[in-house]
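One-letter residues, chain by chain:
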Amino acid sequence: MTYRLATDTRNKATDAVVDDIDSGAGAGTIQIHVGAQPGSVGGTYGTLLGTLTFSDPAFGASATGTATASAITSDTNADASGTAGSFHIRDSDTNTHSDGTCGQGSGDLSFDNNVIVAGGTIAISSMTITTPIP
């Protein structure tokens, strides 16, 4: 037998995960870094390339286990130059929520060009978070 989640349960799980980004008084952020994802969430990340800000609330309600982000404000003045390799999401109280890999056409967060130039713009046009079907 295979363990499965009902759609309603997947939606509740996804909503709980994305609602946690809204913890605190303001909007959460996503920080883009040079280098690999650390061994644990909240570990040591590489050089900060830039910080983008989620809307508040960050995501809409889940449908079939997937929540879609509301508008994400671009960072129009990147902090440093480098190749984006990882990211982490923080709530407005700067608690680390989650992290992942990023790349050009690959990773958990895919950029059309993951080479960032200091002073340039970092943009995310869309983002979803999905609770997988086990």
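Coordinates for the structure precede this section.
Let me sum up the structure you'll find in this document. (Residues numbered from 1 in each chain as written. Predicted model: local features only at pLDDT ≥ 70, side-chain atom pairs only at ≥ 80, totals over all residues. Heavy atoms only, no water.)

Now for the packing of aromatic side chains. Aromatic ring pairs are defined here through the distance separating the ring centres and the angle between the ring planes. The final tally for this structure, using the stated rule, is one aromatic pair. Geometrically, the ring pair formed by F54 and F59 is tilted, given 5.8 Å between the ring centres and 40° between the ring planes. (Phe/Tyr/Trp six-rings, centres within 6.5 Å; stacked < 30°, edge-to-face > 60°.)

Glancing now at the layout of surface pockets. The volume enclosed by the largest pocket comes to roughly 250 Å³. F87, M127, T128, I129 and T130 are the residues nearest the centre of the largest pocket, which is lined by 17 residues in total. Partitioning the lining of the largest pocket into residue classes produces eight nonpolar, seven polar and two charged. Considering only enclosed or pocket space, the second largest pocket measures out at about 150 Å³ in volume. Surrounding the second largest pocket, L109, S110, F111, D112, N113, I116, T121, I122, A123, I124, S125 and S126 form its lining. For the lining of the second largest pocket, the leading source of residues is strand β7 (residues 109-111), giving three residues. Tallied by class, residues from the lining of the second largest pocket come to six nonpolar, five polar and one charged. (1 Å grid on protein atoms, 1.4 Å probe; cavity = no way out; pocket = protein on both sides within 12 Å on 5 of 7 lines; lining within 4 Å. Points joined across faces, edges and corners; volume = space filled by probe spheres on them. Nonpolar A, V, L, I, M, F, W, Y, C, P; charged D, E, K, R; others polar. Helix = DSSP H or I, 4+ residues; strand = E, 2+ residues; numbered from the N terminus.)

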